[in-house]
Amino acid sequence: MTVLDSVLQILVSGITLGGMYAVSAIGLALLWGVMGMLNMAHGSLIAIGAYASVFAVGYLGGTWYLGLPAAMIVGCLAGVLLYFATARWMVGSGQFEMNIIIATVGVAIVVKSLLIIGFTGYPQRQPFALEGGIYLGNVLVPYQTMLIVCVAIILMMALSWLLKATRMGRAIRATAQSQKAAALMGIPAERIYLQVMVIAGVLAAISGVLISSTANTSPSLGEVTMLKVFIICVVAGLGNIPGTILISFALAVLEAAIQYALSAKWAFPLLLGIAVMILIWRPYGLFGAARIRKV
Amino acid sequence: MSARQNIALALGLLVVLAAIPLLTSSRYVLGQFILFFIWFGVVTQWNLVFGVAGIFSLAQMMIFAVGGYASAMLAFHLQWAMWLTVIVGGCAAVVTSTVIGFATLRLRGAYVALLTLAIAAAMQALIIADTDCLSFETGTCITLTGGASGLSRFGDFGFRELLGYRSAVLGEYYLGLLLITVGSAFAFLIINSPLGHAFRALRDNSACAAARGIDRIKYQVMVFSLAGFFSGLLGGFYAGHFNAIGPSILDFSTLLFLLTSMIVGGVGRFWGPLAGCAAMMLFDELLMGLEEWRAVGLGVFTVVAVILFPQGIVGFLESGELRRIGSQLTGLSAQIHHFVKKAPGQ
């Protein structure tokens, strides 16, 4: 294989990973940006989405592509449930930032155990997958990769339209900028929070379907992904959506390159090491604005 | 509560805990108590960093693991005595903790949480990835850290030879009790010393504290170093007690169990770690028979506890809330009493 082939190979797997990470990371960044909520149940939402697709296609016997809408519906419900189980009772309280972490951790434990009880702990195949691919030179580009990248791009465009052009999006952005000012303009914060939770739930569920289509569906699927997505969000600067998308792809290509050049076992520790270095260098992430607190 | 009341309560509890082996000789019960001592001790130190100093560090289990691994590796590869390696483990933990204190200096809030989480995850990933053989012993590959399966059978505290097989657990029980007593006394001193006041001032309003001449860098690094020592000692004690250590102590679930204990008990409060660890372990024990539903119950308990007691159990007890409910109950019982007394006459 030539150098060009190697680079192409790294890019193909990097972009696949990046698409999946980006979809997941946007939801997390949105929750942080709007509510200041670090959602530890994000991994659960990812796993719920993956299992929703498995259930709709594998157990109920739908066609393979029905997995995605099934995951979206279940992800939406999961977002609503998560809001009413946790954030609804805490938003605005002094210890919100800390207590929401613990509450969502509790939810994550419950969801993981329920998934094990319902679907057993054994990995299952994700039906939302395409066989085969085309050759670009010597490099095989699977159809699955193209499917993942297409879904990711469509979602990002849809979200950016939602946030930029709709009334709801304007309200969400206003609340993110200043909840108090937005409330004074008549935007009910609680409704915005619920909407953001639903958006995050749907995005996480879809990313769960995409991620499990390249690996397997298992109850702990979300945990490793969640950690990577967290790293992406902090390296980009929490709450910064365009930065998050860029870093998703950058770190994913980096991960693919390390996997290709060294071995798979070094990819995760090295990635973490790089993230730690970046944070020490830039404490608010690469694109996060340092919030200067006035006394 | 005044300092004197706190000390009286602590001494009373200490007597009760010291008397427990007189009441039961069940190895299971004593073992659970030792585990409780370990978790309670770790959460006490974590509470100093997280609750008192207000630094969102999630590196606590990693510091604990450094202490545990340092003592286990010295005992395993160099055959050092466990008593000595535990001390070395404590010192190794201090170094690690201080470095983390420096690394997180410029970060705030959730960034600290995620950075420290990333460091802990990196350590676990590196241990699991450690497959290079250091030496061969009877055909098995011995790696530096033991890799995914961990290290075991490297020695213990020698209570078995000293006290006999049956009473060995007693030695470890009292050693654990000693460790948490010293650790808690240390935490109590910190919380009530000028150092503790400085931490609280920095947590509540760092700009104002800095203007009064409190050096945040100095204090942050200091709290990390101090809390690191006992965490490391406890890590070594854990390794010696179980005579084994593995990467699973760095599992997310263990970290979260302890974090939940700290929050449920009451962050930044002296009695918080005790109340939280006791509540979580008791609840976990109660759900023992439920098998796979046990984790579900624990998760639900966590969510409900955080929603009902946002200040933790100790915070709830300290606030006037309990007295209010109490007076309501007395009022209610007086009404019932009144009603019952009136009833026969009708």
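Residues numbered from 1 in each chain as written. Chains lettered and ligands numbered in written order. Predicted model: local features only at pLDDT ≥ 70, side-chain atom pairs only at ≥ 80, totals over all residues. Heavy atoms only, no water.

Across the contact, 40 residues belong to chain B and 42 residues belong to chain A. Between chain B and chain A lies a buried interface of about 3700 Å² when both sides are counted; carbon and sulfur atoms form 80% of it. Among the residues of chain B in contact with chain A, R106, Y111 and L114 of chain B are the three that bury the most area, contributing 19% of the side total. One can count zero salt bridges joining chain B with chain A. At the surface where chain B touches chain A, the tally comes to two residue pairs in polar contact (both at pLDDT 80 or more). Sorting the residues of the side of chain B that touches chain A by element identifies α5 (109-128), α9 (206-211), α11 (252-265) and α13 (293-308) of chain B as the ones contributing at least two each. By residue number, the principal contributor to the side of chain B that touches chain A is α5 of chain B, which donates twelve residues. The residue inventory of the side of chain B that touches chain A, partitioned by class, reads 30 nonpolar, seven polar and three charged. (Contact = heavy atoms within 4.5 Å. Buried area = accessible area lost by both parts, 1.4 Å probe. Salt bridge = Lys/Arg side-chain N within 4 Å of Asp/Glu carboxyl O. Polar contact = N/O pair within 3.5 Å; in protein donor to acceptor, adjacent residues only side chain to side chain. Helix = DSSP H or I, 4+ residues; strand = E, 2+ residues; numbered from the N terminus. Nonpolar A, V, L, I, M, F, W, Y, C, P; charged D, E, K, R; others polar.)

All names here are of chain A. Tallied over the entire structure, the rule returns one salt bridge over all chains. The salt bridge involving K228 is made with E255; its shortest N-O contact spans 3.0 Å. Taken together, the residues K228 in helix α9 (residues 221-236) and E255 in helix α10 (residues 241-261) connect sequence positions 27 residues apart. Accessibility assignment for this pair places K228 and E255 in one class, buried. (Buried < 20%, exposed > 50% of the residue type's maximum accessible area, 1.4 Å probe, protein only.)

Residue and element names in this part refer to chain A. Among the surface-exposed residues, W64, Y65, L66, L130, I134, Y143 and M146 lie close enough to one another that they form a single nonpolar patch of about 590 Å² accessible area. Within the secondary structure, M146 sits in helix α5 (residues 143-165). M146 sits in the partly exposed class, given a relative accessible area of 30%. (Patch = residues over 30% accessible without salt bridge, like charges linked within 9 Å, V, L, I, M, F, W, Y side chains within 5 Å. Areas by Shrake-Rupley, 256 points an atom, 1.4 Å probe, with all protein chains shown as cover.)

Below, the discussion takes up the side chain of N47 of chain B. Positionally, N47 of chain B belongs in helix α2 (residues 27-52). Among residues more than four places away in sequence, those in contact with N47 of chain B are V52, M262, G266, V267, G268, R269 and P273 of chain B.

Residue and element names in this part refer to chain B. Within this structure's numbering, the places UniProt gives as "transmembrane region" (unreviewed entry) are residues 28-48, 55-76, 82-103, 110-129, 173-191, 221-240, 252-283 and 295-317. Span residues 55-76 is 77% helix and 0% strand, its end C-alpha atoms 35 Å apart. When the span residues 295-317 is considered, its composition is 87% helix and 0% strand, and the gap between its end C-alpha atoms is 27 Å. (UniProt positions renumbered as here; feature names shortened; annotations may be inferred.)

The next point concerns the pairing of strand β2 (residues 139-142) of chain A. Along any regular strand, the residues point their side chains to alternate faces of the sheet. Residues and elements named next belong to chain A. Burial along β2 is one-sided: V139 and V141 are buried, and none of L140 and P142, which face the opposite way, are. Note: strand β1 (residues 133-136) against β2, four bridges, orientation antiparallel. Across the sheet, residue G133 finds its bridge partner in β2, namely P142. Connecting β1 to the antiparallel partner β2 that follows it, the hairpin turn spans two residues, and G137 within it adopts a positive phi of roughly 65 degrees. (Pairing = 2+ DSSP bridges.)

Our next topic: unusual backbone geometry. All names here are of chain B. Phi is positive for Q79, which is not a glycine, with a value near 55 degrees. Inspection of the secondary structure puts Q79 in the loop between α3 (60-77) and α4 (82-103). Accessibility expressed as a relative area gives 61% for Q79, which makes it exposed.

Residue and element names in this part refer to chain B. Per the counting criterion, the structure on display carries 27 aromatic pairs over all chains. Note on F50 and F56: the rings are 5.0 Å apart at their centroids and 25 degrees apart in plane angle, and the pair reads as stacked. Accessibility classification places F50 together with F56 in one group, the buried group. Seen from their ring centres, F309 and F316 are 4.7 Å apart, and the 50 degrees between their planes marks the pair as tilted. Residue F309 is classed as partly exposed on the basis of its relative accessible area of 26%. (Phe/Tyr/Trp six-rings, centres within 6.5 Å; stacked < 30°, edge-to-face > 60°.)

Helix length check: helix α11 (residues 264-281) of chain A (18 residues) gives 26 Å between terminal C-alpha atoms against 26 Å at 1.5 Å per residue, within 8%. Here α11 of chain A has its buried residues at A267, F268, P269, L271, L272, A275, V276, I278 and L279 of chain A. Those residues of α11 of chain A hidden inside the fold are in contact with α9 and α10 of chain A together with α5 of chain B. (Expected span 1.5 Å × (residues − 1).)

As annotated in UniProt, the feature "transmembrane region" (unreviewed entry) corresponds to residues 6-31, 43-60, 66-86, 98-122, 142-163, 192-215, 227-254 and 266-284 of chain A in the numbering used here. As annotated, residues 98-122 of chain A has a helix share of 88% and a strand share of 0%, and its two end C-alpha atoms lie 33 Å apart.

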